[in-house]
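# Reading the structure
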Amino acid sequence: MAPMKAMKSMKTGAKAMSKGALSAALAAEHEMKPKQVSEIIDSLVKVGTAEVKKSGIFTIPGLCRIKTRVKPATKAGKKMIFGKEVKVKAKAARTVVKAFAVAALKSQF
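A brief structural summary. (Residues numbered from 1 in each chain as written. Predicted model: local features only at pLDDT ≥ 70, side-chain atom pairs only at ≥ 80, totals over all residues. Heavy atoms only, no water.)

## Structural notes on the overall build of the protein chain
- In terms of helices and strands, the protein chain carries three helices and five strands.
- Its helices and strands taken in sequence order, the protein chain reads α-α-β-β-β-β-β-α from the N to the C terminus.
- Evaluated residue by residue, the protein chain yields a buried proportion of 9% over its 109 residues.
- Counting contacts in the protein chain only where the partners sit at least 6 residues apart, residues at least 24 apart contribute 35% of the total. (Helix = DSSP H or I, 4+ residues; strand = E, 2+ residues; numbered from the N terminus. Buried < 20%, exposed > 50% of the residue type's maximum accessible area, 1.4 Å probe, protein only. Contact = heavy atoms within 4.5 Å.)

## Comments concerning helix 1 (residues 19–30)
- Under the 1.5 Å per step criterion, the end-to-end length of helix 1 is 16 Å for 12 residues, consistent within 8% with the ideal 16 Å.
- Positive phi appears at glutamate 31, one or two residues downstream of helix 1, with a value of about 55°. (Expected span 1.5 Å × (residues − 1).)

## Topic: the pattern of salt bridges
- Under the criterion given, the structure shown has two salt bridges.
- Linking aspartate 42 and lysine 19 is a salt bridge whose minimum nitrogen-to-oxygen distance equals 2.5 Å. Taken together, the residues aspartate 42 in helix 2 (residues 34–55) and lysine 19 in helix 1 connect sequence positions 23 residues apart.
- In this structure aspartate 42 comes out as partly exposed when scored by relative accessible area, which is 32%.
- By relative accessible area, which is 41% here, lysine 19 ends up partly exposed.
- Linking glutamate 51 and lysine 54 is a salt bridge whose minimum nitrogen-to-oxygen distance equals 3.8 Å. Remark: lysine 54 and glutamate 51 occur in helix 2; sequence separation between them is three residues, near one turn of the helix. (Salt bridge = Lys/Arg side-chain N within 4 Å of Asp/Glu carboxyl O.)

Below, the structure written as structure tokens:
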């Protein structure tokens, strides 16, 4: 009998691009300094957060749309979970921020 082969480890996900790497890539593409591109990214963040706070929606054209949603408050009580009665605590209403891919980005995959 032949010896068993070692199992391959699961693929690890690719690392997300850091802010520095993003600014360096954009700077190289547009012949700018990375510091200037970093300041532009910072200003985009400021505009985006202000717009999400004000209207609840912010879109980066061709990339993503950021939305807020208000989750309603829940009452305390008892629920049947897997055939057992469980006490559930009350939760206050809260605002959740979500990001969605734009249709143009979805169509590329």
